[in-house]
Amino acid sequence: MDRLLVLARHGQSEWNLKNLFTGWRNPDLTERGVDEAHKAGRWLKSEGYGFDVAFTSNLGRAQRTCKLMLGEMGLSEIETIRSEALNERDYGDLSGLNKEDAKARWGAEQVHQWRRSYDIPPPGGESLKDTAARVLPYYIETILPRVMAGDRVLVAAHGNSLRALVMVLDRLNTTTIAGLEIATGVPLVYRLKGDTTVASKTVLERDIDDA
């Protein structure tokens, strides 16, 4: 049985481009972000991947990425499930602020801790630990059973909601997760064993302009 799970961070958003903390705010994709989503779909199709179900967040940039990817693959009609559990981490008081302005206000070290530590939340927001507390139960209860039943699953979500998943899949600890950055529009292809652990992982990173 092929237990396929593909994770994809949304394409570049307008606030990614402006270097703003986004969180649960809802900016659209940039032209580059739209292109990244199209390319990811073309690359997956060119490599022979297909999906039976897709999961995405309640935020527009992830939903649009999911729709564009599936459109490129001729899979626009498959079941697509949206859930707040897959939303980006809530950056609280940092949301909408320029990252350089935040460093000037609170100091580079403090902002780095808020961004990369496992369990230190920004004011009024979520840490990665808090994000994992909603992402992982949803994965275990809703997404994983579909994968284990043989459905080919796409998850189009966000940098930190996916970091929470990758931390478990790749068996990273609270220290090594700090160095993990998930690129926009680059699919992570997992195949799982019968015991739900990872059999293989492929990062699809080649230039696919001509795919």
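Please refer to the structure placed before this passage.
None of these values were measured; they are calculated from a predicted model.

## Topic: the overall build of the protein chain
Of regular secondary structure, the protein chain possesses 7 helices and 6 strands. Listed by position from the N terminus, the elements making up the protein chain come as β-α-α-β-α-β-α-α-α-β-α-β-β. Computed over C-alpha atoms, the radius of gyration of the protein chain comes to 17 Å, within 12% of the 17 Å expected from 2.2 N^0.38 for 211 residues, which places it in the range of a compact globule. Taking the principal axes of the C-alpha coordinates as reference, the protein chain spans close to 50 × 40 × 25 Å. By residue count, 51% of the 211 residues in the protein chain fall in the buried class. Intrachain contacts of the protein chain at a sequence separation of at least 6 include 75% that bridge at least 24 residues. Accessible surface computed for the protein chain: about 9,500 Å², of which carbon and sulfur atoms make up 45%.

## Notes on the nonpolar core
Ranked by internal contacts, the top residues of the largest apolar core, which has 31 residues, are Leu-5, Leu-7, Ile-143 and Val-155. For this core, the secondary structure elements donating two or more residues are strand E1 (4-9), strand E2 (53-56), helix H6 (128-148), strand E4 (153-157), helix H7 (159-169) and strand E5 (188-192). If you tally residues by element for this core, the top one is H6, at 9 residues. Excluding its chain neighbours within four sequence positions, the residues that come into contact with Val-155 are Leu-5, Val-6, Leu-7, Ala-8, Phe-55, Leu-86, Ile-143 and Leu-162. By size, the runner-up hydrophobic cluster in this structure holds 23 residues, among which are Val-6, Ala-54, Leu-70 and Met-73.

## Focus on the packing of H6 against H7
Packing of H6 against H7 brings their axes to within 9 Å, and their N-to-C directions diverge by 70°. In terms of their interaxial angle, H6 and H7 are classed as roughly perpendicular. Relative to H7, H6 is oriented so that their crossing is right-handed. Here H6 contributes Leu-128, Thr-131, Ala-132, Val-135, Leu-136 and Tyr-139 to the contact with H7, which in turn contributes Asn-160, Ser-161, Arg-163, Ala-164, Leu-165, Val-168 and Leu-169.

## Quick word on the pattern of salt bridges
For the structure shown, the criterion picks out 13 salt bridges. In this structure, the salt-bridge partner of Arg-64 is Asp-28, at a minimum N-O distance of 3.1 Å. With a gap of 36 residues between them, Arg-64 in helix H3 (residues 60-72) and Asp-28 in the loop between helix H1 (14-17) and helix H2 (31-46) connect regions that are remote in the sequence. A residue is classified by how much of its surface remains accessible, and Arg-64, at 34% relative accessible area, is partly exposed. Judged by its relative accessible area of 34%, Asp-28 falls in the partly exposed class.

Analysis parameters
Residues numbered from 1 in each chain as written. Predicted model: local features only at pLDDT ≥ 70, side-chain atom pairs only at ≥ 80, totals over all residues. Heavy atoms only, no water. Helix = DSSP H or I, 4+ residues; strand = E, 2+ residues; numbered from the N terminus. Rg over C-alpha atoms; globule rule 2.2 N^0.38 Å. Buried < 20%, exposed > 50% of the residue type's maximum accessible area, 1.4 Å probe, protein only. Contact = heavy atoms within 4.5 Å. Areas by Shrake-Rupley, 256 points an atom, 1.4 Å probe, with all protein chains shown as cover. Core = buried A, V, L, I, M, F, W, Y, C linked by side-chain atoms within 4.5 Å. Axes fitted to C-alpha atoms, helices over the stretch in contact; angles between N-to-C directions. Parallel < 35°, antiparallel > 145°, perpendicular 65-115°, else oblique. Left-handed = near helix turned anticlockwise from the far one by under 90°. Salt bridge = Lys/Arg side-chain N within 4 Å of Asp/Glu carboxyl O.

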